[in-house]
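Okay, here's what each chain looks like letter by letter:
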Amino acid sequence: MSSITMNQNVKKTIHNEVFVSEGKTKLSDLWKKEDWLAVWIGFILIAVSVVSVLTGGFDFSAAKFDTWGNGVSLASIWSAGLVFRLILTAVVLGVLFTVGNVLRGTSAKTYVPAYAGIFALAVIVRLISAEYTLNRYLEWAFFALAVGLVIANTIGVPDWLKPAVQTEFYIKAGLVIMGFSVLFSNIVNFGLYGLGIAWLVTPTVIIFMWFFGTKVLKIDNKPLVITLATATSVCGTSAAIATGAASKAKKTDLSLAVSISIIFTVLMMVLEPIIIKAIGLGGLMGGALIGGTVDSTGAVTVAGTALGQLGQTSAVLVKSIQNILIGFIAFAVAVFFTAHVEKGDQKERKITAAEIWYRLPKFILGFFAASLIASFIVQPLAGQEKVAAINSVLDQYKNWAFVLAFTSIGLDTNFREIKEQMQGGKPLTLYVIGQIFNIVLTFIVVWVLLSGHFFPLPNIAA
């Protein structure tokens, strides 16, 4: 049997084991299934980060490269401290994911050297994305995909590296970590205004894009449609990751959705503030429009800054409230696909509540649990500043996990597969039409809520 055929069979087996197989939940699932292992990895990192910040006894911070270029040489950003942080990051994540793989039945002898190779590629990705100009306009996800794609479509992925190409595992662990940063207190800061902008528009856009993609454009690949819809309406990469896992999207689906989102995020980040200034929308309304329509949280911050401090604050608050929806949407998508979409493909089989629970991605529960712990336990006891410090530590571990994931996607994808996913340009049409609908609807809601004609203006700190 060829290595390609064997690799395809392994993927199929893993896919069936994780997402499709029927059966009863077993106690051993808690330490043998990928979803639960991702939850425990995320919780371990959260717990250690909380202890390190609250006690001050040790610094658990992961490595982060300073921006270089624009007069700052690449050599100058290196230091003994950075090297130590890189080693710490590699070892911490390496130990956790190695233990996870061993519990799933993978040999440590095959995973450890493969992980070392993937992490080395992740370091290259983080270095490239830290360059001054590239850092301002493109997310790390783009470079992670690019590095993986170049290797996969030129020299090919060596067999020894393949055991660590585990997109879903890295993604799920990263999303559990991300849950700690989704604070429900953000709702209070913008009250019903933020809820109206983020929570009314977002589900409407998702539903619109779902029906437009499946009924009008007749795109057969439904996981791609829902992944692209949530990437458009919520927050780009993070939403695509969560929904892609919940809908069992293929790696090529996720790669395509993220690529389209990144390209248009750059365009909107540059053009939207210019248009807002030209029509005189103002910082409060303009920032809210940016927060509700620009996909990436980082791009929202940059674009909002162009409108002044009030614009940045308004944009970030709306986007933060919108981000809270990630877990809810992923949960709803998992249930919807299990009970309706997949049932439609297998009408003879009844989908029960037990089956929904069995097939529900458990990392979503970890995401919610982390958010609830941060919002209603850690923040009331330790304060907002301590939570922010904890999240600054966790944010880098999350980013490293996501870089590992997107590098894996690139390594596991070829250009022919991406071309096939385009289906004559239908996904691009879906995104463009969906984003136009998103912008128009968000503008209407922002004008109604924040123009001052119908409701008193909110008092938010600029």
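Just so you know, these numbers come straight off a predicted model, no measurement behind them.

## What about the overall build of the protein?
- When its secondary structure is counted, the protein shows 21 helices and 0 strands.
- Across the 462 residues that make up the protein, the buried fraction comes to 54%.
- Long-range contacts, defined here as pairs at least 24 residues apart, represent 80% of the contacts in the protein between residues at least 6 apart.
- Working note: accessible area of the protein is about 19900 Å², and carbon and sulfur atoms make up 68% of it.

## Topic: the pattern of salt bridges
- Following the criterion strictly, the structure yields 6 salt bridges and no others.
- Residue Glu34 is joined to Arg104 by a salt bridge in which the shortest nitrogen-to-oxygen separation is 3.2 Å. Remark: Arg104 occurs in helix H4 (residues 80–104) and Glu34 occurs in helix H3 (residues 34–55); sequence separation between them is 70 residues.
- Residue Arg104 is classed as partly exposed on the basis of its relative accessible area of 25%.
- Linking Lys172 and Asp35 is a salt bridge whose minimum nitrogen-to-oxygen distance equals 2.5 Å. Of this pair, Lys172 sits in helix H8 (residues 167–179) while Asp35 sits in helix H3, and the two are 137 residues apart along the sequence. Comparing Lys172 with Asp35, the two get one shared label, buried.

## Examining the environment of Leu317
- Turning to its location among the elements, Leu317 is positioned in helix H15 (residues 309–323).
- Given the relative accessible area of 11%, Leu317 is considered buried.
- Once the C-alpha coordinates of Leu317 and Gly194 are considered, the two residues, 123 residues apart in sequence, prove to be 7.3 Å apart.

## Some thoughts on H3
- The end-to-end C-alpha distance of H3 is 32 Å, a good match for the 32 Å that 22 residues give at a rise of 1.5 Å each.
- A positive phi of about 70 degrees marks Gly56, the residue just after H3.

## Observations concerning the confidence of the model for the protein
- With 84% of its residues at a pLDDT of at least 70, the protein reaches an overall mean of 81.
- Residue range residues 1–23 is modelled with pLDDT below 50. Its contacts to residues more than four positions away, or to other chains, number 25 contacts.
- Across residues 345–349 the pLDDT falls below 50, and counting only partners more than four positions away or on other chains, this stretch makes 4 contacts in the model.

## Observations concerning the packing of aromatic side chains
- Evaluated as defined, the whole model comprises 18 aromatic pairs.
- A centroid spacing of 5.2 Å and a plane angle of 80 degrees characterise the contact between Phe97 and Phe169, whose relative ring orientation is edge-to-face. Here the residue Phe97 occupies a position in helix H4, and Phe169 occupies one in helix H8, the gap between them amounting to 72 residues.
- By relative accessible area, Phe169 is classed as buried at 0%.
- Centre to centre, the rings of Trp210 and Phe336 are 5.6 Å apart; their planes meet at 85 degrees, and the pair counts as edge-to-face. Of this pair, Trp210 sits in helix H9 (residues 185–216) while Phe336 is found in helix H16 (residues 325–345), placing the two residues 126 residues apart along the sequence.

## Here we look at the nonpolar core
- Ranked by size, the top nonpolar core spans 137 residues in total, and within it Leu45, Phe65, Phe180, Tyr397, Trp400, Phe406 and Leu450 carry the most contacts.
- Per-element tally for this core: the top contributor is helix H19 (residues 384–411), with 13 residues.
- When residues no more than four places from it in sequence are discounted, the contact partners of Phe65 are Ile77, Trp78, Leu82, Leu86, Val123, Arg126, Leu127, Ala130 and Trp400.

## What to know about the packing of helix H10 (residues 222–235) against helix H21 (residues 426–450)
- At a minimum axis distance of 10 Å, the contact between H10 and H21 shows a crossing angle of 35 degrees. Note that H10 runs across H21; the crossing there is right-handed. Here H10 contributes Leu224, Val225, Leu228, Thr232 and Ser233 to the contact with H21, which in turn contributes Pro427, Leu430, Tyr431, Gly434, Gln435 and Asn438.
- Partitioning the contact of H10 with H21 into residue classes produces 6 nonpolar, 5 polar and no charged.

## Re helix H18 (residues 363–382)
- The largest bend in H18 is about 35 degrees, located at Ala374.
- Of all the positions in H18, only Phe363, Ile364, Gly366, Phe367, Phe368, Ala370, Ser371, Ala374, Ser375, Val378 and Gln379 are classed as buried.
- Positive phi shows up at Gly383, right after H18, with a value of about 100 degrees.

## Here's the deal with the environment of Gly291
- When you line up the elements, Gly291 lands in helix H13 (residues 283–293).
- Setting aside residues up to four positions removed in sequence, Gly291 forms contacts with Val300, Ala315, Val318, Lys319 and Gln322.

## A closer look at the packing of H18 against H19
- Interhelical geometry of H18 versus H19 gives an angle of 120 degrees and a closest axis separation of 6 Å. As summarised for this structure, H18 and H19 are arranged oblique, according to the angle between their axes. For the pair H18 and H19, the contacting residues are Val378, Gln379 and Ala382 in the first and Gln384, Lys386, Val387 and Ile390 in the second.

## Things to note about the side chain of Thr89
- If you trace the backbone, Thr89 turns up in helix H4.
- Judged by its relative accessible area of 0%, Thr89 falls in the buried class.
- Beyond its immediate stretch of four places on either side in the chain, Thr89 contacts Ala62, Ala63, Gly94, Tyr115, Phe119 and Trp400.

About the thresholds
Position labels on residues start from 1 in each chain and follow its written sequence. Owing to the predicted nature of the model, reporting of local features is limited to residues with pLDDT of at least 70; listing and counting of side-chain atom pairs is limited to 80 or more, with chain, interface and lining totals taken over all residues. Hydrogens and water molecules were not included; the side-chain quantities draw on all heavy atoms of the structure. Strands are runs of DSSP state E lasting at least 2 residues, helices are runs of H or I lasting at least 4, and numbering of each runs from the N terminus. Exposure is judged per residue with a 1.4 Å probe applied to protein chains only, and the accessible area is read against the type maximum: over 50% gives exposed, under 20% gives buried, and values in between give partly exposed. By definition in these notes, contact holds between two residues if any of their heavy atoms fall within 4.5 Å. With residues, only the protein chains shown are counted as cover, and all accessible areas are computed by Shrake-Rupley using a 1.4 Å probe. For salt bridges, the criterion is a side-chain nitrogen of Lys or Arg within 4 Å of an Asp or Glu carboxyl oxygen. Helix span, as expected, comes to 1.5 Å for every residue beyond the first. As a per-residue measure, pLDDT reflects the predictor's confidence and takes values from 0 up to 100. Note on aromatic contacts: the rings of Phe and Tyr and the six-membered ring of Trp form a pair at centre separations within 6.5 Å, being stacked when their planes are under 30 degrees apart, edge-to-face when over 60 apart, and tilted otherwise. Put simply, buried Ala, Val, Leu, Ile, Met, Phe, Trp, Tyr and Cys residues joined by side-chain atoms within 4.5 Å make one nonpolar core. Lines fitted to C-alpha atoms define the axes here, with helix axes fitted over just the stretch in contact, and angles between the N-to-C directions of these axes take values from 0 to 180 degrees. When the near helix sits turned anticlockwise from the far one by under a right angle, the crossing is termed left-handed; a clockwise turn instead gives a right-handed crossing. Only Asp, Glu, Lys and Arg are considered charged, only Ala, Val, Leu, Ile, Met, Phe, Trp, Tyr, Cys and Pro nonpolar, and every remaining residue, Gly among them, polar. By definition, a residue's bend is the angle between the axes fitted to the seven residues ending there and the seven starting there. If an angle is under 35 degrees, it is roughly parallel; if it is over 145, roughly antiparallel; if it lies from 65 to 115, roughly perpendicular; otherwise it is oblique.

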